[in-house]
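Architecture and fold: a report
One-letter residues, chain by chain:
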Amino acid sequence: MFEAIFRIVVQVETDGQGQRVFPVTKHRTPVNETGFLSLLASVYHEEVYPKLRTGDTLTITVHLDLPLREVERTFHFRDGRLFEGESNQQPMMSDPLPLVQGVYEKFVQQVGPGEIFTLTFHVEQP
């Protein structure tokens with residue numbers, strides 16, 4: 001079994017104008033909300049998606065520390081590069097990112113200065 005975990009952890013700050021910013025690395029200027037959402041999508045498309053193989057499970061977890069809030073979504077990678085959600089009620093999709101973005105974008109909008117935002121992409125291969 002192979003397992004890969006991609007975790008992004010950011011403590012939200014404010015800039016000189018009082019706007020929320022997301023410092024993603026020590027050596028890069030903190031980005032605004034739009035830049036942060038773009039970074040999350042880039043990590044998914046460049047690092048996570050290319051590693052997925054038929055039969056893999058992708059679990060995406062969004063976590064805020066205070067007050068404790070967490071959402072987790074699991075997808076199964078099937079033949080034809082299609083994803084299937086946990087529920088059989090959900091139709092197969094070619095890419096779960098739009099669904100996942102809807103979840104983490106709400107969390108990004110709720111997080112305030114000093115709070116810690118964590119997004120985890122967990123890939124499991126049988």
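In this text, all values refer to a predicted model and were calculated from it rather than measured experimentally. (Residues numbered from 1 in each chain as written. Predicted model: local features only at pLDDT ≥ 70, side-chain atom pairs only at ≥ 80, totals over all residues. Heavy atoms only, no water.)

1. Section: the overall build of the protein chain
Spelled out, the test is: Every helix listed is a DSSP run of H or I at least four residues long, and every strand listed is a run of E at least two residues long, numbered separately from the N terminus. In this setup the radius of gyration rests on C-alpha atoms only. A globule is expected at 2.2 Å times the number of residues raised to 0.38. The cut-offs for exposure are 20% and 50% of the maximum accessible area for each residue type, with area from a 1.4 Å probe on protein chains only; residues under the lower value are buried, those over the upper are exposed, and the others partly exposed. Only heavy atoms matter for contacts: two residues are in contact if any of them lie within 4.5 Å across the pair. To measure how exposed things are, a 1.4 Å probe is used in the Shrake-Rupley method; for residues, cover is taken only from the protein chains shown.
A count of helical and extended segments in the protein chain gives two helices and seven strands. In the protein chain, the succession of helices and strands from N to C terminus is β-β-β-α-β-β-β-α-β. The C-alpha radius of gyration of the protein chain comes to 15 Å, within 12% of the 14 Å expected for a compact globule of 126 residues. When the backbone C-alpha atoms are referred to their principal axes, the protein chain occupies close to 50 × 30 × 25 Å. Looking at the protein chain as a whole, 41% of its 126 residues qualify as buried. Within the protein chain, contacts between residues at least 6 apart in sequence are counted, and of these 60% link residues at least 24 apart. In the form shown here, the protein chain has an accessible surface area of approximately 7200 Å², with 50% of it arising from carbon and sulfur atoms.

2. Some words on unusual backbone geometry
At Arg81, a position not held by glycine, the phi torsion is positive, near 55°. Tracing the backbone shows Arg81 in the loop between strand 5 (69-78) and strand 6 (82-85).

3. Thoughts on the nonpolar core
Note the cut-off: Put simply, buried Ala, Val, Leu, Ile, Met, Phe, Trp, Tyr and Cys residues joined by side-chain atoms within 4.5 Å make one nonpolar core.
Core analysis: the biggest nonpolar cluster contains 36 residues, and Phe36, Leu58, Phe83, Tyr104, Phe117 and Phe121 have the highest contact counts within it. Examining the composition of this core, we find that seven residues originate from one element, helix 1 (residues 33-48), more than from any other.

4. Examining the packing of aromatic side chains
What counts is decided by this rule: Within 6.5 Å between ring centres, the rings of Phe, Tyr and Trp (the latter by its six-membered ring) count as paired, and their orientation is classed by plane angle as stacked under 30 degrees, edge-to-face over 60, tilted in between.
As enumerated under the stated definition, the model contains eight aromatic pairs in all. An angle of 40° between the planes, with centres 5.8 Å apart, marks the rings of Tyr44 and Phe121 as tilted. Of this pair, Tyr44 sits in helix 1 while Phe121 sits in strand 7 (residues 116-125); the two residues are 77 residues apart in sequence, bridging distant segments of the chain. The class for Tyr44 is buried, based on a relative accessible area of 0%. With relative accessibility at 0%, the residue Phe121 sits in the buried group.

5. Comments concerning the environment of Asn32
Heads up, the condition is: Each polar contact in these results corresponds to two N or O atoms within 3.5 Å; when the atoms are within protein, one needs to be able to donate a hydrogen and the other to accept it, and residues that are neighboring in sequence are counted only if both atoms are side-chain atoms.
Along the polypeptide, Asn32 turns up in the loop between strand 3 (20-21) and helix 1. The exposure class of Asn32 is partly exposed, given its relative accessible area of 44%. Ignoring any residue separated from it by four or fewer positions in sequence, one finds Asn32 in contact with Arg20 and Phe22. Looking at Asn32, its side chain comes within polar contact range of the main-chain nitrogen of Thr34, at 3.2 Å. Among the polar contacts listed, one links the side chain of Asn32 to the backbone nitrogen of Gly35, at a separation of 2.8 Å.

6. Thoughts on the side chain of Asp56
Where we set the bar: Under the counting rule used here, the positive set is Lys and Arg, the negative set is Asp and Glu, and His together with the chain ends is not counted. What counts as a salt bridge is simple: a side-chain nitrogen of Lys or Arg found within 4 Å of a carboxyl oxygen of Asp or Glu.
Locating Asp56 in the fold gives a position in the loop between helix 1 and strand 4 (57-64). Buried within the structure, Asp56 lacks any salt-bridge partner; Arg53 is the closest side chain of opposite charge, at an N-O distance of 6.1 Å. A polar contact is formed between the side chain of Asp56 and the backbone nitrogen of Arg53, at a distance of 2.7 Å. A polar contact is formed between the side chain of Asp56 and the side chain of Gln125, at a distance of 3.1 Å.

7. Description of the pattern of salt bridges
One pass over the structure, following the stated rule, counts three salt bridges. Of the charged contacts in the structure, one is a salt bridge between Arg20 and Glu33, with a shortest N-O distance of 2.3 Å. One end of the pair, Arg20, is in strand 3; the other, Glu33, is in helix 1, with 13 residues separating them in the sequence. For Arg20, a relative accessible area of 21% translates into the label partly exposed.

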